[in-house]
Amino acid sequence: MTYSAADNRYESMPYRRVGRSGLKLPAISLGLWHNFGDDKRFDEQRAILRRAFDLGVTHFDLANNYGPPDGSAEINFGRHLRDDFKPYRDELVISTKAGYYMWPGPYGEWGSRKSLLSSLDQSLQRMGLDYVDIFYSHRPDPETPMEETMGALDYAVRSGKALYAGISSYTPEQTIEAARILKELGTPLLIHQPSYSMLNRWTENGSPNLYEVLEQVGAGSIAFSPLEQGMLTNRYLNGIPADSRAAKERFLSESALTEDKLDRVRGLNKIAAGRGQSLAQMAIAWILRDQPKGTPVASALAGASSVKQLEDTLSAINNLAFTEDELKSIDEFAVESDINPARGKAQI
């Protein structure tokens, strides 16, 4: 059946400005890290994407190696674009990234000009696009000069293959340097995509912390893994289900789910219930709260395995306000938990 987007798709979703740019993102964006590779039925993917756009989600976030297998999320998304979203291309913000392993040899990962621009060309081909809206350096490269990596992002924008430049998982110090180089080249840093959740608060640490740095340089942020790979849902309140990510050791280790951490999750769940929200909804709302210092998060990047889960997550926008007492209560439980040591740190 031919898809026609809902006429009221912009009536409920709030849109937030990214730093000091002119771009706005939906408060909740859809990440295609999981559930859009070849391990998910195409019709189920279609249902999620259609419903997301009908509810005001205009931003779809990918990377070169999302799948499985690597690259299949972009291929599948390209089919969805052709089948459903081609008439709406100018209403969409589509992002992709390069930096993690994608193909064999010295050019298939990290941050060289050769690697980043080759990857971008491949991503455009897989999705059938002339350009992406945001192109990210997915992680800092300890062996490539920052000038080369940022120069590649600048070229991507100047060549018309991307509209904006972004970075992901850079430390505050690396972010300052990246923004400086991009400014000198004439392509401002638009956005930083860090991991951030109630159990992963590294972005608030340091002086200046990441959000204070982004305020200084005029860039915005979008938080990935706001639900900490399912930890901040009702999934693990009563133990570890056999079909869960933790049980299968997929991005969340069963050994990391200690009773102390689960107790903190249960404490947060009680606070959420008092707000009339699910734990997942409160976790998303907390990401989007007003922060005392630094740039507010422009968008929370959430995934979805079903339309029902998508709708539940998006309902977080119905209550984004927190009282001081609620925030103090949350802080008693929302502490760094080292659930996945690879997240919340620069990938170097």
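Note that this is a predicted model, so its numbers are computed, not measured. (Residues numbered from 1 in each chain as written. Predicted model: local features only at pLDDT ≥ 70, side-chain atom pairs only at ≥ 80, totals over all residues. Heavy atoms only, no water.)

Caption draft 1: A look at the overall build of the chain. Secondary structure assignment for the chain yields 10 helices and 10 strands. On C-alpha atoms alone, the chain measures out to a radius of gyration of 19 Å, which is about the 20 Å that the 2.2 N^0.38 rule sets for 348 residues. In terms of its C-alpha atoms, the chain occupies a principal-axis envelope of roughly 55 × 50 × 40 Å. Among the 348 residues that make up the chain, the fraction classed as buried is 59%. Of all intrachain contacts in the chain linking residues separated by at least 6 positions in sequence, the fraction that spans at least 24 positions is 76%. A gap of 3 Å separates the mean positions of the 39 positive and 46 negative side-chain charges of the chain. (Helix = DSSP H or I, 4+ residues; strand = E, 2+ residues; numbered from the N terminus. Rg over C-alpha atoms; globule rule 2.2 N^0.38 Å. Buried < 20%, exposed > 50% of the residue type's maximum accessible area, 1.4 Å probe, protein only. Contact = heavy atoms within 4.5 Å. Lys, Arg positive; Asp, Glu negative; His and termini not counted. Charge placed at Lys NZ, Arg CZ, Asp CG, Glu CD.)

Caption draft 2: Focus on the pattern of salt bridges. For the structure shown, the criterion picks out 21 salt bridges. Of the charged contacts, one joins Arg41 and Asp43 as a salt bridge, the two residues approaching to 2.6 Å between their closest N and O atoms. With a relative accessible area of 52%, Arg41 lands in the exposed category. The class for Asp43 is partly exposed, based on a relative accessible area of 35%. Here Arg264 and Asp260 are joined by a salt bridge, their closest N and O atoms 2.5 Å apart. Pair noted here: Arg264 and Asp260 are both in helix 7 (residues 259-274), with a separation of four residues, about one helical turn. Take Arg264: its relative accessible area is 13%, and that puts it in the buried class. Since its relative accessible area comes to 47%, Asp260 is described here as partly exposed. Salt bridges here are not isolated pairs; linked through shared partners, they connect Arg201, Glu204, Arg289 and Asp331. (Salt bridge = Lys/Arg side-chain N within 4 Å of Asp/Glu carboxyl O.)

Caption draft 3: Structural view of the packing of aromatic side chains. Applying the stated criterion to the full structure yields 10 aromatic pairs. A ring pair is formed by Tyr10 and Tyr15, whose centres lie 6.1 Å apart and whose planes are at 55 degrees; its orientation type is tilted. Ring centres of Phe53 and Phe85 lie 5.8 Å apart, and the angle between their planes is 90 degrees; this geometry places the pair in the edge-to-face category. Here the residue Phe53 occupies a position in helix 1 (residues 42-54), and Phe85 occupies one in helix 2 (residues 72-85), the gap between them amounting to 32 residues. Relative accessible area serves as the criterion here: at 0%, Phe53 is assigned to the buried category. (Phe/Tyr/Trp six-rings, centres within 6.5 Å; stacked < 30°, edge-to-face > 60°.)

Caption draft 4: Structural context of the pairing of strand 8 (residues 189-193). With five of five residues buried, strand 8 lies mostly within the body of the structure. Pairing of strand 7 (residues 162-168) with strand 8, which is carried by four bridges, proceeds in the parallel orientation. Pairing of Ala165 across the sheet is with Leu189, part of strand 8. In this view, the connection linking strand 7 to its parallel neighbour strand 8 by way of helix 5 (residues 172-185) has right-handed handedness. For the crossover from strand 8 across helix 6 (residues 210-217) to strand 9 (residues 220-224), the handedness is right-handed. (Pairing = 2+ DSSP bridges. Right-handed = clockwise from strand over helix to strand, strands pointing away.)

Caption draft 5: View of helix 5. Taking 1.5 Å as the rise per residue, helix 5 with 14 residues should run 20 Å; its terminal C-alpha atoms sit 20 Å apart, in good agreement. When helix 5 is considered as a whole, its buried residues turn out to be Pro172, Gln174, Thr175, Ala178, Ala179, Ile181 and Leu182. Looking at the residues trailing helix 5, positive phi occurs at Gly186, about 100 degrees. (Expected span 1.5 Å × (residues − 1).)

Caption draft 6: Seen up close, the confidence of the model for the chain. Of the residues in the chain, 91% have a pLDDT of 70 or more, and the chain-wide mean is 92. Low pLDDT (under 50) marks residues 340-348, which in the prediction has 25 contacts with non-local residues, meaning those over four places away or in another chain. (pLDDT = per-residue confidence, 0-100.)

Caption draft 7: Region of interest: the sheet that holds strand 4 (residues 59-61). Spatially, the eight strands close up into a barrel ordered 3-4-5-6-7-8-9-10, and their pairing is parallel. Each adjacent strand pair in this sheet contributes to an overall mean axis angle of 30 degrees, direction not counted. Strand direction decides the pairing type here: strand 3 (residues 28-31) and strand 4, joined by two bridges, are parallel. Bridging across to strand 4, Gly31 finds its partner in Asp61. (Axes fitted to C-alpha atoms, helices over the stretch in contact; angles between N-to-C directions.)

Caption draft 8: Structural context of the pairing of strand 5 (residues 93-98). Burial analysis of strand 5 places six of its six residues in the buried class, which makes it a mostly covered element. Side chains Val93, Ser95 and Lys97 project from strand 5 onto one buried face, and the interleaved Ile94, Thr96 and Ala98 project onto a second face that is buried too. The handedness of the strand 4 to strand 5 crossover, carried by helix 2, is right-handed. Bridge analysis of strand 5 against strand 6 (residues 132-137) gives four bridges, and the strand direction is parallel. When the sheet's bridge partners are listed, Thr96 is paired in strand 6 with Phe135. Handedness of the β-α-β unit built from strand 5, helix 3 (residues 113-127) and strand 6 comes out right-handed.

Caption draft 9: Broad picture of the side chain of Arg289. Relative to the helices and strands, Arg289 is located in the loop between helix 8 (279-287) and strand 10 (299-302). There is a polar contact of 3.1 Å between the side chain of Arg289 and the side chain of Tyr196. Contacts of Arg289, omitting those with residues within four sequence positions, involve Tyr196, Arg201, Glu204, Phe322 and Leu327. (Polar contact = N/O pair within 3.5 Å; in protein donor to acceptor, adjacent residues only side chain to side chain.)

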